[in-house]
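Residue-level structural notes
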Amino acid sequence: MTCRCILRCVHYNIQRKTNKWNSLHTQFRYFHVTCQKKRPLVLGIESSCDDTGAAIVDESGHILGDALYSQHLIHLNHGGIIPPIAKDLHIKYINPIVSQALERAGVTPKDLSAIATTVKPGLPMSLMVGLLYGTKMAKEHNKPFIPIHHMQAHALTVRMVEKVNFPFMVFLVSGGHCLLAVVKDVDEFYLLGNELDDAPGEALDKVARRLKLRNIPGYETLSGGGAIEKMAKLGDHLSIRFPVVMTQTLNCNFSFAGLKQRAQEIIQEEEQKYGIVADEIIPTVANFCASFQYAVARHMIRRLERALIYAEAKGFIPERPKSMVLSGGVACNEFIRDAVRQVCNKYDYELFCPPPKLCTDNGIMIAWNGMEKWIAGKGITKDIDSITVENKSLIGKSLIEDVENTRIRLRNPVKLVQNKDASQETTS
């Protein structure tokens with residue numbers, strides 16, 4: 001073989017190996033880029049009430065970045081949420097909050113798989129701020145848009161941090177809602193009970209305001225519910241008797257208006273009794289808070305018991321494991337959480353509660369609900385311009401009438417006890 005032939009063979013082999021390496025390198029780069037592209041990321045935007053929130057999560061529930069602006073102290077000074085003020089603050093802070101969440105996550109809008117935004121239920125003016133921002137962003141960056149139901153998001157948030165499989169029971173309690181539902185899938189909810197008037201958080205806030213708890217050092221910045229919970233720890237929950245409400249109504253609906261009205265009457269009676277004027281506080285405030293909190297919790301768990309009995313009768317929840325999720329702002333109340341736990345113990349349910357940060361309104365829960373829908377391929381809108389906001393919206397199909405028709409009576413309802421050992425009491 002000539003030297004020229006030998007050189008050609010060597011060159012050919014070197015070139016072939018080089019091409020093979022280049023091919024492998026190209027394949028590796030393609031695989032790496034493909035893996036990056038397949039990692040779904042969803043941005044969630046929350047503006048349903050008085051919190052402006054944004055977050056980015058991945059398919060494993062990891063929070064890459066989040067940001068939140070709370071209007072709590074501003075509305076606390078006004079004695080309640082003023083919708084126009086809430087709207088203006090959302091407009092002012094929504095862009096900085098979203099930008100901050102993206103920056104903390106180390107991503108840009110082009111890295112997102114989809115954008116999810118709360119559209120119902122809530123304050124229309126507040127919801128509209130989030131909707132307009134979210135849809136505009138989706139259009140500008142050519143991203144799918146996922147409209148989110150606020151209460152469904154609360155119900156599913158726990159699945160970020162706990163292994164809770166479908167189906168499960170959910171008890172959502174907040175300043176604007178109180179409901180019981182069966183969750184069968186990411187988009188399949190069955191409503192068993194709902195608030196008829198005031199939600200528990202609203203009742204607690206209004207009673208705290210009437211008690212003037214903000215005048216007490218250390219209570220100035222607390223929410224109404226938080227203030228009552230803190231003061232209640234110093235009192236006797238059996239010292240003041242509140243009525244047991246809706247005893248003859250055999251459904252799972254809630255009503256806190258009567259308890260709130262009775263609370264206001266008792267406060268007035270106590271003020272007259274002790275000659276309280278101006279910003280003074282009634283001397284029985286600790287006992288009052290403990291007793292009112294007890295009355296609220298007692299009403300909640302009576303309706304919860306009926307819902308669990310109904311769900312068992314209808315076969316909605318498998319025998320093992322039986323899961324109960326408690327979420328919403330009021331779920332942060334330790335006394336109420338323990339009351340629900342006592343009911344769960346009686347009916348062999350395992351209680352799951354999201355961390356306090358995830359119980360209140362935030363962008364994280366919206367992003368996660370969007371992620372669950374993205375993975376399931378459900379709820380992704382094809383017509384962004386058709387999406388509107390709704391101030392009221394049921395969490396799912398209502399079974400409230402069927403619950404009432406079942407005529408379930410509580411023979412031995414759980415009695416709330418401080419030592420967490422659930423005992424029984426007999427009612428008429």
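Bear in mind the structure is a predicted one, so any value in this text is a computation, not a measurement. (Residues numbered from 1 in each chain as written. Predicted model: local features only at pLDDT ≥ 70, side-chain atom pairs only at ≥ 80, totals over all residues. Heavy atoms only, no water.)

1. Looking at the sheet that holds strand β3 (residues 63–70)
In sheet architecture, strand pairing relies on hydrogen bonds along the backbone and comes in two forms, parallel and antiparallel. Spelled out, the test is: DSSP calls a pair of strands paired once it identifies at least 2 bridges connecting them. Helix and strand labels come from DSSP, where a helix needs a run of H or I of at least four residues and a strand needs a run of E of at least two; each type is numbered from the N terminus. In this analysis an axis means a line fitted to C-alpha atoms, helices contributing only their contacting stretch, and an angle means the value between N-to-C directions, from 0 to 180 degrees. Any two residues having at least one pair of non-hydrogen atoms within 4.5 Å are treated as being in contact.
Sheet architecture is open: five strands sit in the order β3-β2-β1-β4-β5, paired in mixed fashion. Looking at which strands have only one partner, the edges of the open sheet turn out to be β3 and β5 (145–149). Taken pair by pair, the neighbouring strands of this sheet meet at an average axis angle of 20°, ignoring direction. Sheet analysis places strand β1 (residues 41–46) next to strand β2 (residues 51–58), joined by six bridges and oriented antiparallel. Looking at β2, one finds that V42 is bridged to V57. Contacts from helix α3 (residues 83–105) reach β1, β2 and β3 within the one sheet, and its direction differs from that of β3 by about 160°. The strands touched by helix α4 (residues 124–140) within the sheet are β1, β4 (114–120) and β5, with β4 carrying the most contacts at an inclination of about 160°.

2. What to know about the packing of aromatic side chains
To keep it simple, the criterion reads: Ring geometry is summarised as follows: Phe, Tyr and Trp rings, the Trp one being its six-membered ring, pair when their centres sit within 6.5 Å, and such pairs are stacked at plane angles under 30 degrees, edge-to-face over 60 and tilted between the two. Remark: exposure states derive from per-residue accessible area (1.4 Å probe, protein chains only) relative to the maximum for the residue type, with buried under 20%, exposed over 50%, and partly exposed in between.
Summed over all chains, the structure comprises nine aromatic pairs. Ring geometry for Y190 and F316: centres 6.4 Å apart, planes at 10°, overall stacked. A residue pair is termed long-range when its members are at least 10 positions apart, and Y190 in strand β8 (residues 188–193) and F316 in the loop between α9 (285–314) and β9 (323–327) qualify at 126 residues. Pair check on accessibility: Y190 and F316 agree, each one buried. Consider the rings of F242 and F288, whose centres lie 5.8 Å apart with planes at 70°: the pair is edge-to-face. Of this pair, F242 sits in the loop between α7 (224–232) and α8 (257–274) while F288 sits in helix α9; the two residues are 46 residues apart in sequence, bridging distant segments of the chain.

3. Side note on the sheet that holds strand β7 (residues 178–185)
Read from one edge of the open sheet, six strands run β10-β9-β6-β7-β8-β11, paired in mixed fashion. Looking at the sheet topology across the chains shown, the edges are occupied by β10 (350–352) and β11 (397–398). Relative to β7, strand β6 (residues 168–173) runs antiparallel, the two being bridged by six bridges. When the sheet's bridge partners are listed, M169 is paired in β7 with V182. Taken strand by strand, α9 contacts β6, β7, β8 and β9, and its axis lies near 160° from that of β6. Of the strands in this sheet, β6, β9 and β10 are in contact with helix α10 (residues 334–346), which crosses β10 at around 155°.

4. What about the pairing of β9?
Most of β9 sits inside the fold, with five of its five residues counted as buried. Side chains S323, V325 and S327 of β9 all project onto a buried face; the interleaved residues M324 and L326 project onto the opposite face, where all are buried too. Relative to β9, β6 runs parallel, the two sharing four bridges. From the neighbouring strand, M169 faces β9, where its bridge partner is M324.

5. Examining the packing of α8 against α9
Definition in use: Note on angle classes: values under 35 degrees are labelled roughly parallel, values over 145 roughly antiparallel, values of 65 to 115 roughly perpendicular, and the remainder oblique. Should the near helix be turned counterclockwise from the far one by less than a right angle, the crossing is left-handed, whereas a clockwise turn marks it as right-handed. As a working rule, the residues Ala, Val, Leu, Ile, Met, Phe, Trp, Tyr, Cys and Pro are called nonpolar, Asp, Glu, Lys and Arg charged, and the rest polar, with Gly in that last group.
Two numbers describe how α8 lies on α9: the axes approach to 11 Å, and their chain directions differ by 165°. The angle between α8 and α9 falls in the class roughly antiparallel. The handedness of the crossing between α8 and α9 comes out as right-handed. Contact residues: α8 offers L259, K260, A263, I266 and I267, while α9 offers F288, F292, A295, V296 and H299. By residue class, the composition of the contact of α8 with α9 is eight nonpolar, one polar and one charged.

6. Regarding the state of the cysteines
How we decide: By convention in this document, the label disulfide applies to cysteine sulfur atom pairs within 2.5 Å.
Applying the stated criterion to the full structure yields zero disulfides. Between C344, a cysteine without a disulfide, and C353, which holds the nearest cysteine sulfur, the sulfur-to-sulfur distance is 8.2 Å.

7. Topic: the confidence of the model for the protein chain
Any segment with low pLDDT has predicted coordinates that should not be analysed in fine detail. This is how the line gets drawn: pLDDT expresses, on a scale from 0 to 100, how confident the predictor is about each individual residue.
On average, residues of the protein chain score 90 in pLDDT, and 89% of them are at 70 or above. Of the regions scoring below 50 in pLDDT, residues 1–36 engages in one contact with residues more than four places distant in sequence or in other chains. Here residues 419–428 scores under 50 on pLDDT; set against residues more than four positions off or in separate chains, the count is 27 contacts.

8. Looking at α3
Under the convention used in this document: To estimate the expected span of a helix, count its residues, drop one, and scale the result by 1.5 Å. Bend is computed residue by residue as the angle between axes fitted to the seven residues ending at the residue and the seven residues starting at it.
Its 23 residues give α3 an end-to-end C-alpha distance of 31 Å, which sits within 8% of 33 Å, the value for a rise of 1.5 Å per residue. At Y93, α3 shows its largest kink, close to 40°, and the proline P96 lies no more than four residues downstream. Within α3, burial applies to A86, L89, H90, I94, I97, V98, A101, L102 and A105. Taken from the residues just after α3, G106 is the one with a positive phi, measuring 70°.

9. A word on unusual backbone geometry
Between K120 and P121 the backbone carries a cis peptide bond, its omega angle lying at -25°. By secondary structure assignment, the location of P121 is in the loop between β4 and α4. Here the amide bond leading from R320 into P321 is cis, since omega sits at -10°, within 30 degrees of zero. Of note in the backbone geometry, K212 takes a positive phi value of approximately 60° without being a glycine.

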